Amino acid sequence: LYSYFPGSPSWPRSKKSLKYAITATSATTIDRATLSQVFARAFARWSEATTLNFTETTDAAGDADITIGFHGGEHGDGEAFDGPLGTLAHAFSPTDGRFHLDAAEAWVAGGDVSRAKADDAVDLESVAVHEIGHLLGLGHSAVEGAIMYPTITSRTRKVDLASDDVVGIQSLY
Ligand code: TQI
Ligand code: CA
Ligand code: ZN
Ligand code: ZN
């Protein structure tokens, strides 16, 4: 079953439209247009299941509710990244909005991760769908097929919400 963070924090129910900014991209070689596409697809999984909608803003971080960036090692929040595999990314609970990705991962964006040469290739969209769940207030799920289940296999794509994820997010918003 799905879970929430302690106290079940969520974005205000009155706020149906959240803006996100992709701000820190200098630590990745993935081009900007590809990043926009991958994150737009990941957010769409959640907007299809809820009355929420998400739009990218390129207006610095100024009016963004959610900021997305690639970082290496220590990056100022006390949750250091650890090189290839291990921690891939982390996101904070509502209404913090920070979503950080480990720049050291062999990210695959927009290609077929199962055919990636690197054994440690990780599908960016799959991780993004999971982390957006956290950004919206979902904790981990005990249901193995759920996006919020706390395990992902490298070289595997998992982007479809399971009914457990849908019930969890619909009960929060
Ligand atoms: N990052 C952990 C995660 O997102 C960080 C984390 C642990 C966390 N506990 C948390 C974040 C509680 C918010 C709330 O789960 S990770 C997976 C999964 C990671 C893990 O890099 O280990 C995915 C990132 F679920 F597969 F294990 C993405 Cl999909
Ligand atoms: Ca890592
Ligand atoms: Zn961080
Ligand atoms: Zn998680």
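Residues numbered from 1 in each chain as written. Chains lettered and ligands numbered in written order. Predicted model: local features only at pLDDT ≥ 70, side-chain atom pairs only at ≥ 80, totals over all residues. Heavy atoms only, no water.

### What to know about the overall build of the protein
And step 1. Summing up its helical and strand segments, the protein has three helices and seven strands in all.
And step 2. Across the protein, helices and strands are ordered from the amino to the carboxyl terminus as β-α-β-β-β-β-β-β-α-α.
And step 3. Scaling as 2.2 N^0.38, a compact globule of 173 residues should have a C-alpha radius of gyration of about 16 Å, and the protein matches this with 15 Å.
And step 4. In terms of overall dimensions, the protein has a C-alpha envelope of 40 × 40 × 30 Å along the principal axes.
And step 5. Looking at the protein alone, contacts between residues at least 24 apart form 66% of all its contacts between residues at least 6 apart. (Helix = DSSP H or I, 4+ residues; strand = E, 2+ residues; numbered from the N terminus. Rg over C-alpha atoms; globule rule 2.2 N^0.38 Å. Contact = heavy atoms within 4.5 Å.)

### Details of the coordination of the calcium ion (ligand 2)
Ideal values differ by geometry: the angle at a metal is 109.5 degrees with four tetrahedral donors, but 90 or 180 degrees with six octahedral donors.
And step 1. Note on the calcium ion (ligand 2): its protein donors are Asp-82 (OD), Gly-83 (O), Leu-85 (O), Thr-87 (O), Asp-102 (OD) and Glu-105 (OE). The metal-donor distances range over 2.2 to 2.4 Å.
And step 2. One can describe the site at the calcium ion (ligand 2) as octahedral: its six donor atoms subtend angles covering 85 to 177° at the metal.
And step 3. Between consecutive donors of the calcium ion (ligand 2), the numbers of intervening residues give the motif D-G-x1-L-x1-T-x14-D-x2-E. With Leu-85 in the loop between β3 (66–71) and β4 (89–91) and Glu-105 in the loop between β5 (98–102) and β6 (106–108), the pair connects residues that are 20 residues apart, well separated along the chain.
And step 4. Owing to a relative accessible area of 33%, Leu-85 belongs among the partly exposed residues under this scheme. (Donors = N, O, S within 2.8 Å, 3.2 Å for Na, K, Ca; no water. Tetrahedral: all angles 85-135°; square planar, octahedral: opposite > 155°, others 65-115°. Buried < 20%, exposed > 50% of the residue type's maximum accessible area, 1.4 Å probe, protein only.)

### As for the coordination of the zinc ion (ligand 4)
And step 1. In this structure, His-130 (NE2), His-134 (NE2) and His-140 (NE2) serve as the protein donors to the zinc ion (ligand 4), at separations of 2.0 to 2.1 Å.
And step 2. In primary-sequence terms, the residues that donate to the zinc ion (ligand 4) follow H-x3-H-x5-H.

### Notes on the sheet that holds strand β1 (residues 17–24)
Backbone-to-backbone hydrogen bonds join strands into a sheet, with any given pair of strands oriented parallel or antiparallel.
And step 1. With respect to topology, five strands assemble into an open sheet ordered β2-β1-β3-β5-β4, the strand pairing being mixed. The open sheet terminates on both sides in strands that have one partner only, identified here as β2 (53–56) and β4. Taking the axes of each pair of neighbouring strands and ignoring which way they run, one obtains an average angle of 20° across the sheet.
And step 2. In this structure, β3 lies alongside β5, joined through five bridges in parallel fashion. When the sheet's bridge partners are listed, Ile-68 is paired in β5 with Phe-99.
And step 3. Sheet strands in contact with helix α1 (residues 32–49) are β1, β2, β3 and β5, and its direction is about 150° off that of β1.
And step 4. Its contacts with the sheet place helix α2 (residues 124–136) against β1, β2, β3, β4 and β5, and it is angled at close to 25° to β4. (Pairing = 2+ DSSP bridges. Axes fitted to C-alpha atoms, helices over the stretch in contact; angles between N-to-C directions.)

### A short note on the pairing of β2
And step 1. Here β1 pairs with β2 via four bridges, running parallel. Pairing of Lys-19 across the sheet is with Thr-55, part of β2.
And step 2. Running through α1, the crossover from β1 to the neighbouring parallel element β2 is right-handed. (Right-handed = clockwise from strand over helix to strand, strands pointing away.)

### Comments concerning the site of ligand 1
And step 1. The immediate surroundings of ligand 1 are formed by 14 residues, with Leu-88, Ala-89, His-130, Glu-131 and Ile-152 found nearest.
And step 2. Ala-89 is positioned such that a nitrogen or oxygen atom in its backbone is 2.8 Å from a nitrogen atom of ligand 1.
And step 3. Here an oxygen atom of ligand 1 and a side-chain polar atom of His-140 are 2.9 Å apart.
And step 4. In the complex, 75% of the free accessible area of ligand 1, which totals 560 Å², lies under the protein chains.
And step 5. When contributions to the shell around ligand 1 are tallied by element, the ones reaching two or more residues are β4 and α2.
And step 6. Sort the elements by how many residues they give to the shell around ligand 1 and α2 lands first, with four residues.
And step 7. In terms of residue class, the shell around ligand 1 is built from eight nonpolar, five polar and one charged. (Near = heavy atom within 4 Å. Polar contact = N/O pair within 3.5 Å; in protein donor to acceptor, adjacent residues only side chain to side chain. Areas by Shrake-Rupley, 256 points an atom, 1.4 Å probe, with all protein chains shown as cover. Nonpolar A, V, L, I, M, F, W, Y, C, P; charged D, E, K, R; others polar.)

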